[in-house]
Amino acid sequence: KSSVIMPSIPTDPNPTNQLKILAQLESNLRLEYATADVWTLINRGNDLHEYWRAFYFVLLSFALNRANREQDSKIVKERIPSYFLIS
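Residues numbered from 1 in each chain as written. Predicted model: local features only at pLDDT ≥ 70, side-chain atom pairs only at ≥ 80, totals over all residues. Heavy atoms only, no water.

Trainee: Would you mind going over the side chain of Arg69 in detail, with residue names and values included?
Mentor: In this fold, Arg69 is placed in the loop between α3 (50-66) and α4 (70-77). Polar contacts involving the side chain of Arg69 include one to the main-chain carbonyl oxygen of Ala36, which spans 2.8 Å. At 2.8 Å, the side chain of Arg69 and the side chain of Asp72 are in polar contact. Residues contacting Arg69, with those up to four places away along its chain left out, are Tyr33, Ala34, Thr35, Ala36, Asp37, Val38, Leu41 and Leu64. (Helix = DSSP H or I, 4+ residues; strand = E, 2+ residues; numbered from the N terminus. Polar contact = N/O pair within 3.5 Å; in protein donor to acceptor, adjacent residues only side chain to side chain. Contact = heavy atoms within 4.5 Å.)

Below, the structure written as C-alpha cells:
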C-alpha cells in the first residue's frame, strides 16, 4: 500500500478567511445539494484556494451521494486530490 502526503496548509490566502468561506459553502450545501445543478455547486468553490477547494469537493461529493445523485457525485470525485481518496 502506498501513501500520499497531503500538502501543508497554505498561509496565503489567509487560512482563517478560507475556512470562513468553506463553512459558508458547507452551510449552503445543506439547503441546495439535492436540487442545485452540479456545475453551479462545483463553481461555487472557485473562490477557494485549491487546498481548501479539495475539502469543499469532499463535502460536495458526500452531499450529492447522500441525495442519490451518484453521477453528479462522480463528476465531483474526479476533482478530489488523491490524498483524500481511500484505496
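There's more to say after this.
Trainee: Requested: an account of the nonpolar core, with residues and values cited.
Mentor: Membership of the largest hydrophobic core comes to 16 residues, with the highest contact counts inside it found for Leu41, Tyr56, Phe57, Leu60 and Val76. If you list the elements that add at least two residues to this core, you get α1 (15-32), α2 (38-43) and α3. Top element by residues in this core is α3. It accounts for 6 residues. In contact with Tyr56, other than residues within four places in its own chain, are Leu22, Leu25, Leu29, Leu41, Ile42, Arg44, Gly45 and Leu48. (Core = buried A, V, L, I, M, F, W, Y, C linked by side-chain atoms within 4.5 Å. Buried < 20%, exposed > 50% of the residue type's maximum accessible area, 1.4 Å probe, protein only.)

Trainee: Hey, could you go over the packing of α3 against α4 for me, with residue numbers and the actual values?
Mentor: Between α3 and α4, the shortest axis-to-axis distance is 8 Å and the interhelical angle comes to 165 degrees. Looking at the two axes, α3 sits roughly antiparallel to α4. Like other packed secondary-structure pairs, α3 and α4 cross with a definite hand, here left-handed. Contact with α3, carried on its side by Phe57, Leu60, Ser61, Leu64 and Asn65, involves Glu70, Asp72, Ser73, Val76 and Lys77 of α4 and no other residues of that element. (Axes fitted to C-alpha atoms, helices over the stretch in contact; angles between N-to-C directions. Parallel < 35°, antiparallel > 145°, perpendicular 65-115°, else oblique. Left-handed = near helix turned anticlockwise from the far one by under 90°.)

Trainee: Explain the packing of aromatic side chains to me, using residue names and the numbers behind them.
Mentor: Enumeration over the complete set of coordinates arrives at 6 aromatic pairs. Residues Phe55 and Phe84 carry aromatic rings whose centres are separated by 5.0 Å and whose planes lie at 80 degrees to one another, so their mutual orientation is edge-to-face. A residue pair is termed long-range when its members are at least 10 positions apart, and Phe55 in helix α3 and Phe84 in the segment after α4 qualify at 29 residues. Here a set of aromatic residues connected by ring pairs shows up, and it is made of Tyr51, Trp52, Phe55, Tyr83 and Phe84. (Phe/Tyr/Trp six-rings, centres within 6.5 Å; stacked < 30°, edge-to-face > 60°.)

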